[in-house]
Amino acid sequence: MEKVLGKRPMLLLDDIFSELDDAHRKHVSEIAKLQQTVITTVEWDDFLKKTFAMATILVVENGQISWTTDK
């Protein structure tokens, strides 16, 4: 898409980090930083907290959406 349209596509990644080893998690996170990316995850581990420290984080619990203060 970037070659044709000149723009990087928005990424929608559903719980991708739980399926990857450390090397692949790092690779995906570097790609995610290049364009707008929405990531869903059930794990909010130290790697993700550090890697996406500047990201906007929304937490969904019991059907309620809130901003996280735990970055």
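Residues numbered from 1 in each chain as written. Predicted model: local features only at pLDDT ≥ 70, side-chain atom pairs only at ≥ 80, totals over all residues. Heavy atoms only, no water.

Concerning the overall build of the protein
The following threshold applies: Elements are defined by DSSP. Helices are runs of H or I of four residues or more, strands are runs of E of two residues or more, and each kind is numbered from the N terminus. The buried label goes to any residue with under 20% of its type's maximum accessible area, the exposed label to any with over 50%, and the partly exposed label to all in between, with areas taken from a 1.4 Å probe on protein chains only. Any two residues having at least one pair of non-hydrogen atoms within 4.5 Å are treated as being in contact. For accessible areas, the Shrake-Rupley method is used with a probe of radius 1.4 Å. Any residue's cover is judged against the shown protein chains and nothing else. As used throughout, the charge tally considers Lys and Arg to be positive and Asp and Glu to be negative, leaving His and the chain termini uncounted. Charged groups are reduced to one reference atom each: NZ for lysine, CZ for arginine, CG for aspartic acid, CD for glutamic acid.
Summing up its helical and strand segments, the protein has three helices and four strands in all. Once the C-alpha set of the protein is aligned to its principal axes, its extents read approximately 40 × 25 × 20 Å. Here the protein, with 71 residues, has 18% of them falling under the buried criterion. The contacts in the protein between residues at least 6 apart in sequence include a share of 35% that link residues at least 24 apart. A total of about 5,800 Å² of accessible surface is found on the protein, and carbon and sulfur atoms cover 56% of it. Across the protein, the mean location of the 9 positive side-chain charges is 10 Å away from that of the 12 negative side-chain charges.

Topic: the pattern of salt bridges
Where we set the bar: Salt bridges are counted wherever a side-chain nitrogen of Lys or Arg sits within 4 Å of a carboxyl oxygen of Asp or Glu.
By the definition in use, this model includes four salt bridges. A salt bridge links Arg25 to Glu43; the nearest nitrogen and oxygen atoms lie 3.9 Å apart. In this pair, Arg25 sits in helix H2 (residues 22-32) while Glu43 sits in the loop between strand S2 (37-40) and helix H3 (46-51), placing the two residues 18 residues apart along the sequence. A relative accessible area of 7% places Arg25 in the buried class. Given the relative accessible area of 32%, Glu43 is considered partly exposed. Taking the shortest distance from any N to any O, the salt bridge between Lys33 and Glu30 comes out at 4.0 Å. A relative accessible area of 41% places Glu30 in the partly exposed class. Connected through shared salt-bridge partners, Arg25, Glu43 and Asp45 make up one network.

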